[in-house]
Amino acid sequence: MSEVTAIRGMRDILPEEALRWQFLERTVAAVLAAYGYGEIRLPVVEKTALFKRSIGEITDIVEKEMYTFDDRNGDSMTLRPEGTAGCVRAAIQQGILSTPQRLWYMGPMFRYERPQKGRQRQFHQTGVEAFGVATPDMDAELILLCARLWRRLGLTDCVELQINSIGNARARKAYRDALVDYLQAHADALDADSQRRLHSNPLRILDSKSAETQAILDGGPTLEEFLDEEADTDFARLCELLNAAGVAYTVNQRLVRGLDYYNKTVFEWVTDKLGAQGTVCAGGRYDGLVQQLGGKSTPAVGFAMGMERLVLLLAEQGAVAEAATVDVYVVAVGADAEVMALVATERIREENPQLRIMQHMGGGSFKSQMKKADKSGARVALIWGENEVAAHAVTVKSLREGTVEGPAQSTVPLIELDSTLCALIAS
RNA sequence: GUGGCCGUAGCUCACCAGGUAGAGCACCGGAUUGUGACUCCGGAGGUAGCGGGUUCAAGACCCGUCGGCCACCCCA
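Conventions adopted
- Residues numbered from 1 in each chain as written.
- Chains lettered and ligands numbered in written order.
- Predicted model: local features only at pLDDT ≥ 70, side-chain atom pairs only at ≥ 80, totals over all residues.
- Heavy atoms only, no water.
- Helix = DSSP H or I, 4+ residues; strand = E, 2+ residues; numbered from the N terminus.
- Rg over C-alpha atoms; globule rule 2.2 N^0.38 Å.
- Buried < 20%, exposed > 50% of the residue type's maximum accessible area, 1.4 Å probe, protein only.
- Contact = heavy atoms within 4.5 Å.
- Areas by Shrake-Rupley, 256 points an atom, 1.4 Å probe, with all protein chains shown as cover.
- Lys, Arg positive; Asp, Glu negative; His and termini not counted.
- Charge placed at Lys NZ, Arg CZ, Asp CG, Glu CD.
- Near = heavy atom within 4 Å.
- Polar contact = N/O pair within 3.5 Å; in protein donor to acceptor, adjacent residues only side chain to side chain.
- Expected span 1.5 Å × (residues − 1).
- Arc of directions from axis to C-beta.

(A) A look at the overall build of chain A. A count of helices and strands for chain A gives 15 helices and 16 strands. Relative to the globule expectation of 22 Å for 427 residues, the C-alpha radius of gyration of chain A, 29 Å, shows a markedly less compact shape. Its C-alpha atoms give chain A principal-axis dimensions of about 95 × 55 × 50 Å. Counting every position in chain A, which comprises 427 residues, the buried fraction comes to 49%. Across chain A, the fraction of contacts at a sequence separation of at least 24, relative to all contacts at a separation of at least 6, is 69%. Of the roughly 21500 Å² of accessible surface on chain A, a fraction of 51% belongs to carbon and sulfur atoms. In chain A, which carries 47 positive and 58 negative side-chain charges, the distance between the mean positions of the two groups comes to 2 Å.

(B) Molecular detail of the protein's contact with RNA strand B. RNA strand B sits among 45 residues. The nearest are R111, R119, R197, R257 and N387. Restricting attention to atoms of RNA strand B within 4 Å of the protein, one finds that 57% of them are sugar or phosphate atoms. Here a sugar or linking oxygen of RNA strand B sits 3.5 Å away from a polar atom, N or O, in the side chain of D60. Contact between RNA strand B and R114: a base oxygen at 3.2 Å from a side-chain N or O atom of the residue.

(C) Quick look at helix 9 (residues 229-245). The end-to-end C-alpha distance of helix 9, which contains 17 residues, comes to 24 Å, matching closely the 24 Å that a straight helix rising 1.5 Å per residue would cover. For helix 9, the set of buried residues is A231, D234, F235, L238, C239 and L242. Burial along helix 9 is one-sided: seen end-on, the buried residues are contained in an arc of 140°. Projecting away from the buried face of helix 9 at angles above 90 degrees are the exposed residues E229 and A244. Contacts made by the buried residues of helix 9 are with helix 5 (136-153), strand 7 (160-165), strand 8 (250-251) and strand 9 (263-270). The first or second residue beyond helix 9 is G246, which carries a positive phi of 75°.

Next comes the structure, spelled out in structure tokens:
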């Protein structure tokens, strides 16, 4: 193995897997278009301050997972670890928030973490953000959009929806204080991670995987008790809308999101088919972020989905039929035959733009070229040799029909090539 | 950052109480004239991740290091 290898956690996607990616991306784009969302293309690098101010200074992402470096002017830049911050920045900067905006983007994100199943250092997200609507019908639309996407992807059976309301910042702080008070009394019974989080990020203790910790939490205060009335009624309305639309969900009171900017509604689509990485898509409301980043106060909701995880799920489901790479393989032996084949192949492409034709390159015997034709998966081989050149003809051979004794092939004048080919492909 | 497992041909793996490597697949060529698939024959391809140690002798044992996978943490 060469010493020049890809960076840890940054992988290559080979053509076979890329087919799955194309299917995913195509489907995502189609569903978003069906709801009137517009694509926005954003830089991969932003000023470091943007992420510190939006994601939160004390989060793991900002503290230890960002790819940050100084550019030649000495300004601190960061490879985006998530998309919302950049999208909000762009929306403010471009002045497009005077009216509601529905936006989406797709692309690579970067987080310096230990790679594992469903987690890469360069990973890909599709982000969807809706600005300017404060009411929970907007939250519902986003969730319905997801549900439709899962249906189109054939993933409905492997994901489920969890929702929660985490209220405004004041309610969360009050709850956090109450939770810390309560847990401090049981501190020595908590698992080690949770003890640490008691000081760093108490809300995160809620989704601790420790059974003892969860048992302790059962006796503690709940976030719900601290929610203001508006959060309550909005959440109830969201549930009502989801019920009416027939979207199943479970309310998970322990669901909190890792990024500081969320408020009110949060939701996650989770799966049990991806090992430790259960979350496939997650988001929520972030009504304060636009103003926090210097824009006019603008309500917003959004979510991001992890494309690697969705591709893994698709693979798991065997959801994508494997497409043959080419329809026709062109074999040519001899310098003159190669010329005739090249010209004829170009003409066929001109007249049949949808046809996938691969011409053999690099020479070789009929035998070796035919082997390549077979391997290519093509249904038809077009063959040129001395005889065809002399007769101004081409041999058309079916690679999928016929027997060893009587291969289905015929030599036809060049003028009849198109009709012969079309008949074969159509059959 | 922490832990477990792993690192032998392009790929998937084997061998071995420690004595300088093998299979399957893939690849290339052949089985009489210009033709694939199945079959048969032949061929090419590895400084056994890297460095050090133990030993007469190490891919096999020990240490370190790098890399991979999975999990923790965290998150999409």
